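# Working through the structure, step by step
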Amino acid sequence: MRAPDIAPGPPGYPLFGVLPEMWFDSRLKVHARHVGRFGDVIRYRFGPVEAHLLLHPDDVKYVLQENHVNYVKGRGTRRMRLFLGHGLLTSEGELWRRQRRLAQPAFHPKRVAALVDAMVGATDGMLTAWDARAAKDEPVDVAVEMMRLTLDVVGRTLFGADLADDASEVYDALTEALEFTSKRLVVPFAIPLRAPLPSNRRFLRARETLDRIVYSVIEQRRKSNARGGADLLAMLMDARDEETGEAMSDTQLRDEVMTLVLAGHETTANALAWTFLLLSREPIVWRALRAEVDAVLGGRRLVADDLPKLRYTRMVIEESMRLYPPAWMFGRMAIAEDTVRGYRIPPGSMVIISPYFTHRHPDFWTNPEGFDPERFAADAAAKRHKYAYLPFGGGPRICIGNGFALVEAQAILATITQRFRVDVTPREVVAEPIVTLRPKGGMPARLARVPYTHADKAAVVSA
Ligand code: HEM
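Computed from a predicted model, the values in this text were never measured in an experiment.

### Some words on the pairing of strand 2 (residues 49–54)
Counting buried positions along strand 2 yields five of six residues, so the element is predominantly enclosed. Relative to strand 2, strand 1 (residues 41–46) runs antiparallel, the two sharing six bridges. For Tyr 44, the partnering residue across the bridge sits in strand 2 and is Ala 51. Between strand 1 and strand 2, which pair antiparallel and follow one another directly, the connecting turn spans two residues, one of which, Gly 47, has a positive phi of 55 degrees. Examined bridge by bridge, strand 2 and strand 8 (residues 350–353) share four bridges and lie parallel to one another. Bridge pairing in strand 8 places Leu 53 opposite Ile 352.

### Comments concerning the coordination of the iron atom of the ligand
Protein coordination of the iron atom of the ligand rests on one atom only, Cys 399 (SG), at 2.3 Å. Relative to the helices and strands, Cys 399 resides in the loop between helix 17 (378–383) and helix 18 (402–419).

### Thoughts on the confidence of the model for the protein
In this model, the protein carries a mean pLDDT of 90, and residues with pLDDT of at least 70 account for 95%. Below pLDDT 50 for its whole length, residues 459–463 participates in zero contacts with residues either more than four positions away or in separate chains.

### Re the sheet that holds strand 3 (residues 71–73)
Reading across the sheet, the five strands line up as 1-2-8-5-3 and stay open at both edges, with mixed pairing between neighbours. Both outer strands of the open sheet, strand 1 and strand 3, are each paired with one neighbouring strand and no more. Across the sheet, the mean angle separating the axes of adjacent strands is 35 degrees when strand polarity is ignored. Two strands pair when backbone bridges link them, and strand 5 (residues 330–334) and strand 8 are joined in this way by four bridges, in the antiparallel orientation. Bridged to Phe 330 within strand 8 is Ile 353. Where helix 3 (residues 57–66) meets the sheet, it contacts strand 1, strand 2, strand 3, strand 5 and strand 8, and its direction lies at approximately 120 degrees from that of strand 8.

Reading guide: rules and limits
- Residues numbered from 1 in each chain as written.
- Predicted model: local features only at pLDDT ≥ 70, side-chain atom pairs only at ≥ 80, totals over all residues.
- Heavy atoms only, no water.
- Buried < 20%, exposed > 50% of the residue type's maximum accessible area, 1.4 Å probe, protein only.
- Helix = DSSP H or I, 4+ residues; strand = E, 2+ residues; numbered from the N terminus.
- Pairing = 2+ DSSP bridges.
- Donors = N, O, S within 2.8 Å, 3.2 Å for Na, K, Ca; no water.
- pLDDT = per-residue confidence, 0-100.
- Contact = heavy atoms within 4.5 Å.
- Axes fitted to C-alpha atoms, helices over the stretch in contact; angles between N-to-C directions.

Structure (structure tokens):
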């Protein structure tokens, strides 16, 4: 049998490989420079670390699904343990399996459908504030607004907690923690956290803030003794080990809540923010969206049964996540040596999966840069390679919240479209890849009220 080849890739600098490129440019830009030059497998050296970026859906499927047993979470995820601990996103093996089994029922489609009313309620609350701002022609940062809203939704629906007032603190602390984690990825050797550096101090302060908020959610539930309608928090708190009968330790509970609060709002918020940019650029798509919302809802409040009928709304979100997948890349580490597309993947080396680049693969997407929700019409989507589109990953570690996120984004987008035209003022917004793909400098927008909504009807009825 022929020995596997070494994959092609940029030679980079002696000792450091491509790391120096990443000190001056975002990781997204560095990859964009090399994608298209070397084929479907690109070999990088990040200092002492060897990595392969896999672009072809067959290879992505192989790593995430067919041979997933040979791949554990990568360096990025392990760095995130600094503030997420060992929750669902960052744990491995038996601990991960047990925690996933415990949390899974909370994400059953029927349970998610029961949360739609709370999602619409939270959106209505935000829109009431938008009414006042629109009346004064006051601009909003729609990225910040979405972050606050999705945090509110996750707090209410999964943890029975009111996190709306903590939104600014969570946003700042999370930004600090994500930036810190991201920067540690592009240095050859990470400096220990106890070293008295300003960046370490800022990170530890951010982690304390997040800890305080998460522990207070747990504490409030313990004190109130309420079961929160058997929400996710109740399920985690009630869980007992099959063998020992013991409850989850406080640290494990903290890690799970922290993971679900953070993973459960940041990504959806970014997806919605990018959607508003794309809709501002393409008025035809916005008009089609608005027509669907009018036809299905006819001005009344959205309920869970409307969602299957809001097909185009869903297609808009899916296409937006194709162009701007919030989890734009994630990694794995090979346990044993492997071969992908005839190239050698050494043990201990990294594999990079990037929805951002696979979603633009020219063999699977025509006019990859164009915004066209019709790509997600049922027949077109059915014909496509399943791993050509993977905003939520794939295989056993696929996002546990994918159904929740889609329902939430659909409910929020339809409810906003019913009442407002959100016009993002800069037509070009730079994507800033921290851990997720955030809009650099936010998403400044003007709000224009559009008529005929359930809120208007309620006002007319009560007048
Ligand atoms: C648009 C929104 C979202 C996107 C794009 C997204 C994306 C992803 C991706 C790509 C992964 C897999 C990472 C990997 O394989 O290394 C993941 C995992 C995960 N996501 Fe999401 N996510 C979203 C929303 C949510 C929500 C709403 C929740 C919870 C409420 C959530 C919780 C999680 C958790 C706990 C994991 C780890 C699952 C495991 O390893 O078992 N996510 N997400």
